[in-house]
Amino acid sequence: MGKSLPFTKNQIAEANQVNLIELAGSKGYRLENGGRRAFHAKQSGGLYFFRDSNKYYHFSTDTRGGPIDFLMQFERMDFKEAVRYLLGTPLQPYSAGPPPREIGHLILPEKATNYRRVAWYLTQIRGIDSEIVSNLMHEKKLYQQAKTGNCVFIGYSQEGTAKYCSLRGCSPEKSFKQDREYSDKSYSFHIAGTHPKVYVCESPIDAMSHATLVKLRGQSWKNDHRISLGCLSDQALERFLTYYRTREIIFCLDNDYK
């Protein structure tokens, strides 16, 4: 005769109904707004928590699940421990709104005396058209960081204040990507256009690459808007739509998640 399960089906279902966002907050995860339906855990390898489904998805390991799976994967509990924990531990409510930001101001990296390394990397290694690179440098949306030689991509407010800064290494052998401290993802890196169409990309280089492909087809890359989300948060698109009349939105993303 087989062993009976330590929990009933109703108890397991009850455990999986525990608010996953509150659970993650109680375990010390620093959550930031990851879009209309999700929270993103900082320094987590792409860990997202979804409000509507009460589930998570982890990009680095391509795994997903509910509260029980979360405790088993990230807290190293076995199934029995996870269910007991969820049935018996009260959680402090975690705000469903955007988490409070640390007080501070964006400080841009020091500029190099020339932009040769960045121009070489973007045109020769990434294949981006030199006119597009030059134009963005002239608009002060792109420059070379002193000492490190990194690409520096800037997102501005409507008043012309730098609000977002993304760094990208120029070494073909070693990848480096980082957002500057106190960057606000809602202010996108923006290749401005004149038509009411916007292409939504994940990174500044993706936006520049798309503009290059359009130019290679013999079309004007200056017609349409292109913005970078700085990964997958939709804050930049939401802010863009409040300032620009748009009839068509086309998403050019590398990954999709549910």
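Everything numeric here is computed off the predicted structure, so don't read it as measured data.

Draft legend 1. Layout of the nonpolar core. Counting residues in hydrophobic clusters, the biggest one holds 21 residues, and the most contacted among them are Tyr-29, Leu-31, Leu-47, Phe-49, Phe-70, Leu-71 and Leu-86. At four residues, the largest contribution of residues to this core is made by helix α2 (residues 20-26). Core analysis: the next-biggest nonpolar cluster, separate from the first, contains 20 residues, Val-118, Tyr-121, Phe-153 and Trp-221 among them.

Draft legend 2. Local environment of the packing of aromatic side chains. Inspection of every chain in the model, using the stated rule, returns ten aromatic pairs. When the ring of Tyr-115 is compared with that of Tyr-143, the centres are 6.5 Å apart and the planes differ by 35 degrees; the resulting orientation is tilted. You can see Tyr-115 sitting in the loop between α4 (79-88) and α5 (116-125) and its partner Tyr-143 sitting in strand β6 (residues 142-144), a full 28 residues away along the chain. Residue Tyr-115 is classed as partly exposed on the basis of its relative accessible area, which comes to 25%. Taken together, a centroid distance of 4.6 Å and an interplanar angle of 15 degrees make the contact between Phe-240 and Tyr-244 stacked. Aromatic rings pair up to connect Tyr-29, Phe-49, Tyr-56, Phe-70 and Phe-74 into one cluster. Positioned above the aromatic ring of Phe-39 is the side chain of Arg-51, whose terminal nitrogen or guanidinium carbon lies 4.7 Å from the ring centre. We note Arg-239 situated over the ring of Tyr-187; from NZ or CZ to the ring centre the distance is 3.9 Å.

Draft legend 3. Region of the structure containing the sheet that holds strand β9 (residues 177-179). Taken together, the four strands give an open sheet; going across it, the order is β6-β7-β8-β9, and neighbouring strands pair in antiparallel fashion. The sheet terminates laterally at β6 and β9, the two strands that pair on one side only. Put simply, the sheet's adjacent strands are angled 25 degrees from each other on average, direction ignored. Pairing between β6 and strand β7 (residues 151-156): three bridges, direction antiparallel. Bridge pairing in β7 links Tyr-143 to Val-152.

Draft legend 4. Structural detail: the pattern of salt bridges. Under the definition given, this model contains five salt bridges. Between Glu-248 and Lys-197 there is a salt bridge, with the nearest N and O atoms lying 3.9 Å from each other. You can see Glu-248 sitting in strand β13 (residues 248-252) and its partner Lys-197 sitting in strand β11 (residues 197-201), a full 51 residues away along the chain. Given the relative accessible area of 22%, Lys-197 is considered partly exposed.

Draft legend 5. Structural detail: α4. Along α4, the residues that are buried comprise Ala-82, Val-83 and Leu-86. Looking down the long axis of α4, one finds its buried residues gathered within 95 degrees of arc, a one-sided arrangement. Seen from the buried face of α4, the exposed residues on the opposite side, beyond 90 degrees, are Arg-84 and Gly-88. Where α4 is buried, its residues touch α1 (9-15), α2 and α3 (67-74).

Conventions and cut-offs
- Residues numbered from 1 in each chain as written.
- Predicted model: local features only at pLDDT ≥ 70, side-chain atom pairs only at ≥ 80, totals over all residues.
- Heavy atoms only, no water.
- Core = buried A, V, L, I, M, F, W, Y, C linked by side-chain atoms within 4.5 Å.
- Buried < 20%, exposed > 50% of the residue type's maximum accessible area, 1.4 Å probe, protein only.
- Helix = DSSP H or I, 4+ residues; strand = E, 2+ residues; numbered from the N terminus.
- Phe/Tyr/Trp six-rings, centres within 6.5 Å; stacked < 30°, edge-to-face > 60°.
- Lys NZ or Arg CZ within 6 Å of the ring centre and 35° of its normal.
- Pairing = 2+ DSSP bridges.
- Axes fitted to C-alpha atoms, helices over the stretch in contact; angles between N-to-C directions.
- Salt bridge = Lys/Arg side-chain N within 4 Å of Asp/Glu carboxyl O.
- Arc of directions from axis to C-beta.
- Contact = heavy atoms within 4.5 Å.

These figures capture arrangement, not role.
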